[in-house]
Amino acid sequence: MPRRPRYTWLLRNAIKGREPVDGDADSPLLRLWLLRLLVPLYGHRQLILADDFSNEAVARAAGLQAWLPICLETFDPTAIRTHLRERHQAAETEAAQHPLLQRLPTILAGNVQRLGRLLSLTECESAVLVFLTQVHHNRLLDDACDLLGDLSSTRVEHALSVLLGNAPSEIGHALAREGILHRSGLVRLNRQGATNLRAKIELLSDSLADLMHSCAVDPMELLQDRVARCDPPQLALTDYPHLAPHLQILRPYLQQALNGGQRGVNVLLWGPPGTGKTQLARALAADLALPLFEVVSQDAEGDAIEGHTRLRAYRAAQTFLETRPALLAVDEMEDLFGVSMDMFNRARGKPKAWLNRALEINAVPTLWMSNSVDQLDPAFLRRFDLIIEMPIPPQDRRENILRSAGGDLLDAPRLARLASIEVLSPAVVARAAQVVRSVRDHLPGEQAPEAVERLIASTLKAQGHTHHAAAATHVGPAFCTEFLNADADMADVSRALALQPSARLCLAGPPGTGKSAYARWLASELGRPVLECRVSDLMSKWVGENERNVAAAFERADRDGAVLIIDEIDSFLGDRRHAEHEWESRLVNEMLVRIERFPGILVVTTNRLDHLDRAALRRFDLKVTFGPIRVHQAWTLLDRHCQLLGLPSPNEELRSRLGALSTLTPGDFSVVARQARFRPVTGPGAFVRALEYECRVKEGTKPSIGFTPGP
């Protein structure tokens with residue numbers, strides 16, 4: 001038998017070729033590969049059965065059409081094998097004497113040539129890549145490879161050695177972890193277990209082979225479903241004044257690193273969703289006049305890409321972009337770093353070592369993004385040049401960003417209300433505004449602003465932010481300290497706090513007495529933003545998470561100069577003598593330390609002052625008790641609500657009925673006013689009856705349901 005020609009020699013001639021060659025059975029190269037699979041690699045044992053072929057398409061492509069269609073009288077396996085060996089010998093002789101017949105398709109040859117120059121591929125590495133793209137692109141060749149059955153790593157290397165004419169050691173080097181095919185992420189040999197050849201050697205993506213065959217492309221385009229060029233930013237660096245100290249270092253550092261070709265440049269941007277991490281990365285790239293490429297987290301169908309696949313894409317991007325000025329972005333980085341963690345957050349062996357090394361030698365400066373750093377190994381964190389926390393922007397900053405996104409559709413009150421929702425990202429507003437602009441001409445009257453709010457509310461609800469989704473406007477008279485029944489003059493308190501930037505207030509009393517409303521009004525009077533925390537915002541089922549959430553709230557309020565409001569403080573500052581779990585005492589201790597050190601204005605509310613830890617009470621500068629409103633307050637409030645609802649003034653008969661309601665609060669008036677939007681109140685008497693109903697509910701009696709007619 002003639003010596004099998006080295007495929008790398010044939011490849012050199014193939015790349016020089018100009019005539020396109022079809023990828024079907026008429027291609028001499030494909031036919032040679034089929035015959036090598038069937039004869040020296042013994043694929044014929046699975047193809048040729050006692051009275052049939054296991055795959056007629058492969059049999060026809062191998063030149064066995066004389067026995068097709070199958071006829072039991074003439075089907076002779078021995079004669080078929082003899083004929084197959086003769087065809088294989090002839091194909092080997094032809095390949096040795098006429099190597100130009102082994103031409104690749106022109107498009108494939110050009111793409112291999114460009115990729116080889118970029119990655120400095122050896123002839124053997126190029127040959128391996130060409131064969132694997134053909135296996136993934138050509139169903140006939142893939143079916144023929146399946147005839148070899150399940151292969152171990154050693155048998156894969158042997159099979160490729162026979163198919164390509166290279167020594168097994170060369171194939172082993174081309175597929176080694178240290179080789180450029182593996183380091184670039186293009187090709188990965190699965191060394192675990194045994195399976196068919198296509199599954200045993202993975203390409204970076206399913207589309208890579210198709211792109212190699214379809215058109216002449218820039219090598220970066222081969223990664224398009226794993227690494228994509230980012231869109232231009234919607235924000236600029238000037239939209240991040242709260243990060244100015246960090247940006248004053250980050251921008252020149254990136255510029256200097258790029259100018260000097262510095263390796264191992266990594267920046268971590270972390271913070272809650274919606275804080276603008278992606279937009280900041282794009283703004284940095286635009287400011288430096290550089291393209292930004294992102295390791296995508298979803299495929300074309302919208303399905304999540306697994307962490308190990310994204311890690312290979314990152315490696316490919318680093319290799320492909322090494323010689324061009326660019327920045328790389330990796331969002332949801334915990335997916336990549338998490339692949340090397342066990343259930344106890346301990347990094348395992350070589351993956352951890354590889355990631356540590358990758359953060360030290362990467363050629364392309366990389367902006368890594370994460371919602372949290374809690375699950376990242378400290379060994380990884382210390383290898384970042386800069387770690388920048390992306391806090392929720394201050395309310396005035398959020399309002400400016402939202403105005404840019406949808407200011408043409410939203411008036412000032414709506415913008416202010418939406419800006420108060422910390423979890424609302426500018427992208428949600430921009431998308432809602434875009435939808436409404438497209439249908440604005442079809443909306444009756446001036447309903448565009450309401451439509452924008454409805455879309456935003458729906459998105460917030462879908463994201464799980466149900467307490468923000470309503471985005472409801474205030475119903476009823478504006479807040480006024482005149483309607484508070486407190487044991488201190490709360491208007492005097494606000495005037496005093498205007499001169500004193502630090503105070504800790506504890507407001508106690510039944511629900512609806514105006515505690516939280518006063519705290520929000522106080523912030524407005526002082527011209528400060530509000531950071532309002534509920535129990536659900538701070539409590540977590542994870543050990544230690546409660547303390548971190550509490551610390552983060554105090555730090556954010558301090559950074560933004562906000563009035564910090566914590567509702568239901570008794571959930572955090574319960575008497576430690578009654579604690580049943582150790583974490584309850586730790587939480588009280590953390591809260592007490594934060595209260596003591598907080599330099600701003602803190603307002604806490606509670607319905608159960610007697611349940612607070614005694615040490616906590618000493619931390620508050622002022623403790624105020626709120627109670628149900630007095631008769632004259634209730635009468636004035638009723639009159640104002642009747643005016644707003646277009647009802648006649650209440651008659652004196654109703655005053656005595658209000659006086660009989662010992663638990664009546666301003667909150668009850670707000671409840672009835674909201675009900676009036678969908679269940680009209682027919683008169684002042686009906687309004688009072690609704691208030692009586694609310695009071696009976698609070699007192700535990702069983703009232704009749706619904707309004708009754710009244711004056």
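Up top is the structure these notes are about.
A brief structural summary. These numbers were taken from a predicted model, which means no experiment stands behind them.

1. Focus on the packing of helix α2 (residues 28–38) against helix α9 (residues 153–164)
At a minimum axis separation of 9 Å, α2 and α9 run at an interaxial angle of 135°. Classified by the angle their axes make, α2 and α9 are oblique. Two packed elements cross with a definite hand, and for α2 against α9 that hand is right-handed. Residues W33, R36 and L37 of α2 form the contact with α9, whose participating residues are V162, L163 and L164. Tallied by class, residues from the contact of α2 with α9 come to five nonpolar, no polar and one charged.

2. Things to note about the pairing of strand β5 (residues 292–295)
Of the two faces of β5, the one holding L292 and E294 and the one holding F293 and V295 are both buried throughout. Where strand β3 (residues 227–229) meets β5, three bridges bridge the pair, whose relative direction is antiparallel. Residue R229 lies in a different strand from β5, and its bridge partner there is F293. Across four bridges, the pairing between β5 and strand β6 (residues 327–330) is parallel. Pairing of L292 across the sheet is with L327, part of β6. A crossover connection joins β5 to the parallel β6 through helix α16 (residues 307–320); in handedness this β-α-β unit is right-handed.

3. Details of the nonpolar core
Counting 99 residues, the largest nonpolar core has F53, F131, F337 and W368 as the members making the most contacts within it. Split by domain, the residues of this core number at least three in each of domain 1 (21–218) and domain 2 (227–389). Discounting chain neighbours no more than four positions away, the residues touching W368 are N266, V267, L268, L269, Y314, V330, M333, L336, F337, L359 and F384. With 29 residues, the next largest nonpolar core counts C230, L235, L237 and A257 among its residues.

4. Looking at the sheet that holds strand β9 (residues 503–508)
Read from one edge to the other, the open sheet built from five strands follows the order β10-β11-β12-β9-β13, with strand pairing classed as parallel. Only two strands of the sheet have a single partner each, and these edge strands are β10 (530–533) and β13 (622–625). Neighbour-to-neighbour, the strand axes of the sheet open up by a mean angle of 15°, direction not taken into account. The sheet contact formed by strand β11 (residues 563–566) and strand β12 (residues 601–606) spans three bridges and is parallel. Within the sheet, the bridge partner assigned to L564 lies in β12 and is L602.

5. A closer look at the pattern of salt bridges
All told, the structure shown has 26 salt bridges when counted by the stated rule. Between D668 and K698 there is a salt bridge whose closest N-O contact spans 2.6 Å. Taken as a pair, D668 in helix α33 (residues 666–675) and K698 in helix α34 (residues 684–699) lie far apart in primary sequence, 30 residues in all. A residue is classified by how much of its surface remains accessible, and K698, at 40% relative accessible area, is partly exposed.

6. Observations regarding the environment of A551
Topologically, A551 is positioned in helix α28 (residues 545–560). A relative accessible area of 10% means that A551 is categorised as buried. Expressed as a C-alpha distance, the spacing of A551 and R594, which sit 43 residues apart in the sequence, is 7.0 Å. When residues no more than four places from it in sequence are discounted, the contact partners of A551 are E590 and R594.

7. Quick notes on the packing of helix α22 (residues 426–439) against helix α23 (residues 448–462)
What describes two packed helices is the angle between their axes and the distance between those same axes. The contact between α22 and α23 brings their axes to 9 Å, and the two run at 135°. Considered as vectors, α22 and α23 are oriented oblique to each other. In the packing of α22 onto α23, the handedness of the crossing is right-handed. Mapping the contact onto sequence places V428, V429, A432, A433, V435 and V436 in α22 and A448, A451, V452, L455, I456 and T459 in α23. Class assignment for the residues of the contact of α22 with α23 results in 11 nonpolar, one polar and no charged.

8. Concerning the pairing of β6
In summary, the side chains of a regular strand alternate between the two faces of the sheet. Of the two faces of β6, the one lined by L327 and A329 and the one lined by L328 and V330 are each fully buried. Across three bridges, the pairing between β6 and strand β7 (residues 366–370) is parallel. Directly across from A329, in β7, lies its bridge partner L367.

9. Digging into the environment of D331
The residue D331 is located in the loop between β6 and α17 (334–338) in this model. Judged by its relative accessible area of 18%, D331 falls in the buried class. Linking D331 and M369, residues 38 residues apart in sequence, is a C-alpha distance of 4.6 Å. Filtering out sequence-adjacent residues up to four positions away, D331 remains in contact with T278, E294, R310 and M369.

10. As for the sheet that holds β3
Taking strand neighbours across the sheet as the criterion, the six strands line up as β3-β5-β6-β7-β4-β8 in an open arrangement whose pairing is mixed. Whereas interior strands pair on both sides, the edge strands pair on one side only; in this sheet they are β3 and β8 (386–389). Mean inter-strand twist for the sheet, computed between neighbouring axes without regard to direction, equals 25°. Packed on one face of the sheet, helix α14 (residues 244–260) meets β4 (266–270), β6, β7 and β8 and runs near 145° to β8.

11. Some points on empty space enclosed by the protein
If you walk through the whole model with that rule in mind, you get three cavities of 30 Å³ or more. There is about 40 Å³ of room inside the second largest cavity. If you go around the second largest cavity, the residues you meet are P394, Q395, R398, E422, P529, V530, L531, D560 and A562. Only α20 (395–406) and β10 provide two or more residues apiece to the lining of the second largest cavity. When the residues that make up the lining of the second largest cavity are grouped by side-chain class, the tally is five nonpolar, one polar and three charged.

12. Examining the packing of aromatic side chains
Each pair of aromatic rings is reported with the distance of its centres and the angle of its planes. For the structure on display, the rule yields eight aromatic pairs. Considering the side-chain rings of W33 and F131, the 5.0 Å spacing of their centres and the 85° angle between planes classify their relative orientation as edge-to-face. Residue W33 is located in helix α2, and its partner F131 is located in helix α7 (residues 123–137); the two are separated by 98 residues in the primary sequence. F131 sits in the buried class, given a relative accessible area of 0%. Ring pairing ties together the aromatic residues Y314, W368 and F384, which thus form one cluster. For R45, the ring lying beneath its charged end belongs to Y42, and the centroid distance is 4.3 Å.

13. Quick notes on the environment of I392
Relative to the assigned elements, I392 resides in the loop between β8 and α20. Its relative accessible area of 9% is what places I392 among the buried residues. When the C-alpha atoms of I392 and G274 are compared, they prove to be 7.7 Å apart, with 118 residues separating the residues in sequence. When neighbours within four sequence positions are excluded, I392 is seen to be in contact with P272, T275, R398, E422, R556 and D560.

Rules of the game
- Every chain's residues receive numbers from 1 upward, in the order its sequence appears when written.
- Totals for whole chains, interfaces and linings use every residue, but because this is a predicted model, local features are given only for residues with pLDDT of at least 70 and side-chain atom pairs only at 80 or more, for both listing and counting.
- To obtain the side-chain values, all non-hydrogen atoms of the structure were used and water was disregarded.
- Axes here refer to lines fitted to C-alpha atoms; in helices the fit is confined to the stretch in contact. Angles between the N-to-C directions go from 0 to 180 degrees.
- Counting from the N terminus, the helices are the DSSP runs of H or I reaching at least four residues and the strands are the DSSP runs of E reaching at least two.
- Under this scheme an angle from 65 to 115 degrees is roughly perpendicular, one under 35 degrees roughly parallel, and one over 145 degrees roughly antiparallel; angles in between are oblique.
- Left-handed describes a crossing in which the near helix is turned anticlockwise from the far one by less than a right angle; the clockwise case is right-handed.
- Contacts are assigned to residue pairs with any non-hydrogen atoms lying within 4.5 Å of each other.
- Gly is placed with the polar residues, together with every amino acid not listed as nonpolar (Ala, Val, Leu, Ile, Met, Phe, Trp, Tyr, Cys and Pro) or charged (Asp, Glu, Lys and Arg).
- For every residue, the accessible area (1.4 Å probe, protein chains only) is compared with the maximum for its type, and the residue is labelled buried under 20%, exposed over 50%, or partly exposed between those bounds.
- Paired strands, in this sense, are two strands between which DSSP finds at least two bridges.
- We call a crossover right-handed when, viewed with both strands directed away from the observer, the connection leading from the first strand over the helix to the second proceeds clockwise.
- As used here, the term nonpolar core means buried Ala, Val, Leu, Ile, Met, Phe, Trp, Tyr and Cys residues forming a set that is joined through side-chain atoms within 4.5 Å.
- Per the annotation, domain bounds derive from an automatic or database assignment of domains.
- For this analysis, a salt bridge means a side-chain nitrogen from Lys or Arg found within 4 Å of a carboxyl oxygen belonging to Asp or Glu.
- In this analysis, the protein atoms alone were mapped onto a 1 Å grid. Cavities are point sets where a 1.4 Å probe fits without being able to get out; pockets are open sets with protein on both sides within 12 Å along at least five of seven lines; lining residues have an atom within 4 Å of a point.
- Grid points are joined across faces, edges and corners, and a volume is the space filled by probe spheres set on the points.
- Side-chain rings of Phe, Tyr and Trp, where Trp is taken by its six-membered ring, are said to pair if the distance between their centres is within 6.5 Å; with planes under 30 degrees apart they count as stacked, over 60 as edge-to-face, and otherwise as tilted.
- Both a distance and an angle decide whether a charge sits over a ring: NZ of Lys or CZ of Arg must be within 6 Å of the ring centre and within 35 degrees of the ring normal.

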